[in-house]
Amino acid sequence: MSKTAFMFPGQGSQCVGMGADFYEACPKARAVYDMASELIGIDMKKLCFEKNEHLDQTEFTQIALLTTGMAMEQSIRACGLTPDVTAGLSLGEYNAIVSAGGMEMADAMKVVRRRGILMEEAVPAGEGAMAAVLGMEDAKIEEILSGISGAYIANYNCPGQIVITGEADAVAAASEALKEAGAKRCVPLKVSGPFHSALLKTAGEQLAEELKSVKLSTPWIPYVSNVTADYVTDASQVAELLKQQVSSPVHFTQSVERMIADGVDTFIEIGPGKTLGSFVRKIDRNVKVYNIEKPEDLDRVMEELAC
């Protein structure tokens, strides 16, 4: 039996104007943006739709992406398209949890707003860094990083693409060592902190305090954890995994492999850009991959899946 996964991108996918077309076209999307604006005290339409200096700042980026993803997801569900499983990359995991029924949307907005602030403030500017490593096997990268203190794997994106993170000097040293060992490229990323590294462990612990006030429910459908690359089906697991996620590697490759092994053959990326779809295609070219970031994309997907 065919299974469908909804996927939600993380930080870095944001762009000016994201979600504006859905806001204009769908009342459910408008309701999400309006809810976020009221709860967070930020004009989400201005933040997401108009050019501004805040959209690329972590404390604002995360709530903007959560809001946009949920506005799109609500519009998609209103058309009758539903998933069998959900997943997200880093911040996108919160969209996946809400879509799966594990957390109320309003609670997710409050938590993600706090998460963005905690991650922004966790490490002083310039002390951390991240870089994408291209063209090297995971095991080789893990072997080299094991000998470099302060450098860690942040993301297993897809075969041939790993993101490393940590102390700025350590990431620079690791990049040189990886290139010498045969990596095709090591590309520094423009980020405000060393996300998914041990340097953010305290931020994760602070986030756990925030999560204590949130009602977490058993998901209606399973979602896949970044930390374990396995299904989460019990509410008691959610808070601890979200705490760990801040400072642990994102196992996106393994998450996709897990879903495919369970029969998922259709992946729908919901949100700006096509990054996750490109990763899925590199993991397995035999599955169907779609992206929905505008209403016309939704129309096309509904038409194709109906065939």
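Residues numbered from 1 in each chain as written. Predicted model: local features only at pLDDT ≥ 70, side-chain atom pairs only at ≥ 80, totals over all residues. Heavy atoms only, no water.

1. A few points about the overall build of the protein
Part 1 of the reasoning: Helix and strand counts for the protein stand at 13 helices and 10 strands.
Part 2 of the reasoning: Taken over the C-alpha trace, the protein has a radius of gyration of 18 Å; the compact-globule value for 307 residues is 19 Å, and the two agree within 12%.
Part 3 of the reasoning: Dimensions along the principal axes, computed over C-alpha positions, put the protein at roughly 50 × 45 × 40 Å.
Part 4 of the reasoning: Looking at the 307 residues of the protein, the share that counts as buried comes to 55%.
Part 5 of the reasoning: At a minimum sequence separation of 6, the contacts of the protein that also span at least 24 residues come to 72%.
Part 6 of the reasoning: The average position of the 28 basic charges and that of the 42 acidic charges among the side chains of the protein differ by 2 Å. (Helix = DSSP H or I, 4+ residues; strand = E, 2+ residues; numbered from the N terminus. Rg over C-alpha atoms; globule rule 2.2 N^0.38 Å. Buried < 20%, exposed > 50% of the residue type's maximum accessible area, 1.4 Å probe, protein only. Contact = heavy atoms within 4.5 Å. Lys, Arg positive; Asp, Glu negative; His and termini not counted. Charge placed at Lys NZ, Arg CZ, Asp CG, Glu CD.)

2. Some thoughts on the environment of G263
Part 1 of the reasoning: Following the sequence through the fold, G263 ends up in the loop between α11 (252–261) and β9 (264–270).
Part 2 of the reasoning: Residue class for G263 comes out partly exposed when judged on its relative accessible area of 30%.
Part 3 of the reasoning: Setting aside its immediate chain neighbours within four residues, G263 contacts M1, S2 and K3.

3. Quick notes on the pattern of salt bridges
Part 1 of the reasoning: All told, the structure shown has 10 salt bridges when counted by the stated rule.
Part 2 of the reasoning: Where D21 meets K294, a salt bridge forms, and the shortest distance between an N and an O atom there is 3.1 Å. You can see D21 sitting in helix α1 (residues 20–25) and its partner K294 sitting in the loop between β10 (288–292) and α13 (295–306), a full 273 residues away along the chain.
Part 3 of the reasoning: In this structure, E209 and K212 form a salt bridge, with 3.0 Å as the shortest nitrogen-oxygen distance. (Salt bridge = Lys/Arg side-chain N within 4 Å of Asp/Glu carboxyl O.)

4. Thoughts on the sheet that holds strand β5 (residues 161–167)
Part 1 of the reasoning: The 4 strands lie next to each other as β4-β5-β3-β6, forming an open sheet whose pairing is antiparallel. A single partner strand is all that each edge strand has here, and the edge strands are β4 (151–158) and β6 (185–188). This sheet shows a mean twist of 25 degrees between the axes of neighbouring strands, independent of strand direction.
Part 2 of the reasoning: Sheet analysis places strand β3 (residues 128–134) next to β5, joined by 7 bridges and oriented antiparallel. If you follow G128 over to β5, its bridge partner there is E167. (Pairing = 2+ DSSP bridges. Axes fitted to C-alpha atoms, helices over the stretch in contact; angles between N-to-C directions.)

5. Details of unusual backbone geometry
Part 1 of the reasoning: Notably, H196 is not glycine yet its phi reads approximately 55 degrees, a positive angle.
Part 2 of the reasoning: Residue placement: H196 occurs in the loop between β6 and α9 (201–211).
Part 3 of the reasoning: Given the relative accessible area of 3%, H196 is considered buried.
Part 4 of the reasoning: Located in the positive-phi region is A229, a residue other than glycine, with phi close to 55 degrees.
Part 5 of the reasoning: The topology assignment puts A229 in the loop between β7 (223–224) and β8 (231–232).

6. Describing the nonpolar core
Part 1 of the reasoning: Judged by nonpolar contacts, the single largest core of 68 residues is most densely connected at M44 and M103.
Part 2 of the reasoning: The element best represented in this core is helix α4 (residues 58–78), accounting for 9 residues.
Part 3 of the reasoning: Those residues in contact with M103 that lie beyond four places of it in its chain are I97, V98, A108, L211, V214, K215, L216 and L242.
Part 4 of the reasoning: Counting 20 residues, the second largest nonpolar core, distinct from the first, contains L89, V264, F267 and L276. (Core = buried A, V, L, I, M, F, W, Y, C linked by side-chain atoms within 4.5 Å.)

7. Brief notes about α13
Helical periodicity: at 3.6 residues per turn, an α-helix aligns residues three or four positions apart in one direction.
Part 1 of the reasoning: Between its first and last C-alpha, α13 extends 17 Å over 12 residues, near the 16 Å set by a 1.5 Å rise per residue.
Part 2 of the reasoning: Every buried residue of α13 is listed here: P295, D297, L298 and V301. The buried residues of α13 all sit within an arc of 150 degrees when viewed along its axis, so they share a single face. Among the exposed residues of α13, those oriented more than 90 degrees off its buried face are D299, E303 and A306.
Part 3 of the reasoning: Lining the buried residues of α13 we find α1, α4, β9 and β10. (Expected span 1.5 Å × (residues − 1). Arc of directions from axis to C-beta.)

8. With respect to the packing of helix α2 (residues 27–40) against α4
Part 1 of the reasoning: Their axes nearest at 8 Å, the elements α2 and α4 cross at an angle of 150 degrees. The angle between α2 and α4 falls in the class roughly antiparallel. Crossing handedness for the pair α2 and α4: right-handed. Within the contact between the two elements, α2 uses K28, A29, V32, Y33, A36 and I40 and α4 uses I63, T67, T68, M70, A71, Q74, S75 and A78. (Parallel < 35°, antiparallel > 145°, perpendicular 65-115°, else oblique. Left-handed = near helix turned anticlockwise from the far one by under 90°.)

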